[in-house]
Amino acid sequence: MDSGAVLVKAGGVLGRLPRMVGRALLDTLYPPLCLNCEAAVVDADGLCATCFAKLRPITAPLCPRLGIPFQISLGPDALSAEAIADPPPFDRSRSAVLYNEVARTIVSRMKYGDRPELARFCGRLMVGAGGELWAGKPILLPVPLHPLRHIGRRYNQSLELARVIGQFTGLAVDPELVRRKKPTRQQVGLSAEARTRNVAGAFAAHPELLARTKGRPVVIVDDVITTGSTINAVTKALQKAGVGAVDVISFARVVPGHEAEIGLVADGGLPI
Ligand SMILES: [Zn+2]
């Protein structure tokens, strides 16, 4: 009996050995690297301390509609000047970090580099930033790519982000709620007005949208919000089809005066 128990115990350790050795071997062959500067780090899917310190998390106090940070708290219901001057069609938007140099590097690598570990890093931060959006048990809708663009890029980074958020929150992801019905020009370098014209009418809701959402709110998932033209167009497609509550979550957000580099990013992960 005793020797049997010892054998079972030893078997447990031995059973884990291949995985432990495999992990150690992998770490030796491919040591985890900082997602920004590629310095060696202890844990995979993260940044080194120096790069992490350069990220600018967006925290309260912030505009309850647009999610842009305030210097000082103006009270829970105080809106930003931007939200008052040009009210967005969606209810609330939240973003994990300000769009700065480090965020730009991460997003461009995620978009063009086919690196799923970047989506895991960004998605985890988005889960925290969107905390108040998850209570209504929304459906997650990644900003869709046009099918032709999807083939060229191999994957949709907004879908990858939505999947990570779904894994952590238990929320469902439905990438088919809205489709991009026409290819649009790349948003990079376009003015705010041109961006709006560019994506106007570009999105169409699924014909059975309301049957799929069953009255639940929808949270649009995007990588970067610049002028908001893409998320506004997706919101309008959802509302036209009858969805009542629409919120938005993004990894990064361009905030004027905060290291913004609008000309260098494709709004909404766009395309073309
Ligand atoms: Zn680094």
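An account of the accompanying structure is given in this report. (Residues numbered from 1 in each chain as written. Predicted model: local features only at pLDDT ≥ 70, side-chain atom pairs only at ≥ 80, totals over all residues. Heavy atoms only, no water.)

**Here we look at the overall build of the chain**
Move 1: When you go through the chain residue by residue, the secondary structure sums to 10 helices and 6 strands.
Move 2: By residue count, 45% of the 272 residues in the chain fall in the buried class.
Move 3: Taking contacts inside the chain between residues at least 6 apart in sequence as the whole, the part at least 24 apart equals 75%.
Move 4: Summed over its atoms, the accessible surface of the chain is roughly 13600 Å², and 59% of this surface lies on carbon and sulfur atoms. (Helix = DSSP H or I, 4+ residues; strand = E, 2+ residues; numbered from the N terminus. Buried < 20%, exposed > 50% of the residue type's maximum accessible area, 1.4 Å probe, protein only. Contact = heavy atoms within 4.5 Å. Areas by Shrake-Rupley, 256 points an atom, 1.4 Å probe, with all protein chains shown as cover.)

**Focus on the packing of aromatic side chains**
Move 1: The tally for this structure, following the rule as stated, stands at 1 aromatic pair.
Move 2: Seen in terms of ring centroids, Phe-52 and Phe-121 are 6.4 Å apart; in terms of plane orientation they differ by 80 degrees. Their pairing is edge-to-face. Here Phe-52 is found in helix α2 (residues 49–54), whereas its partner Phe-121 is found in helix α5 (residues 116–129), with 69 residues between them in sequence.
Move 3: In this structure Phe-52 comes out as partly exposed when scored by relative accessible area, which is 43%.
Move 4: The buried category is assigned to Phe-121, whose relative accessible area is 5%. (Phe/Tyr/Trp six-rings, centres within 6.5 Å; stacked < 30°, edge-to-face > 60°.)

**Considerations on the sheet that holds strand β6 (residues 246–253)**
Strand-to-strand pairing in sheets goes through backbone hydrogen bonds, with the strands running parallel or antiparallel.
Move 1: The strand order β1-β6-β5-β2 describes an open sheet built from 4 strands, whose pairing is parallel. Edge positions in the sheet fall to β1 (92–98) and β2 (139–142), since each has one partner strand and no second. Averaged over all pairs of adjacent strands, the angle between their axes in this sheet comes to 25 degrees, without regard to strand direction.
Move 2: Examined bridge by bridge, β1 and β6 share 6 bridges and lie parallel to one another. Residue pairing in the sheet places Arg-92 in a bridge with Asp-247 of β6. (Pairing = 2+ DSSP bridges. Axes fitted to C-alpha atoms, helices over the stretch in contact; angles between N-to-C directions.)

**Re the nonpolar core**
Move 1: In this structure, Leu-47, Trp-134 and Phe-251 are the most contacted members of the largest nonpolar core, which totals 37 residues.
Move 2: Among the elements of the structure, β1, α4 (101–112), α5, α7 (157–169), β5 (218–225) and β6 are those that each provide at least two residues to this core.
Move 3: The element that contributes the greatest number of residues to this core is α5, accounting for 6 residues.
Move 4: When near neighbours in sequence (up to four residues on either side) are disregarded, Leu-47 contacts Cys-34, Leu-35, Asn-36, Val-41, Phe-52, Leu-55, Val-102, Ile-106 and Phe-121.
Move 5: By size, the runner-up hydrophobic cluster in this structure holds 30 residues, among which are Ile-68, Leu-177, Ala-202 and Ile-220. (Core = buried A, V, L, I, M, F, W, Y, C linked by side-chain atoms within 4.5 Å.)

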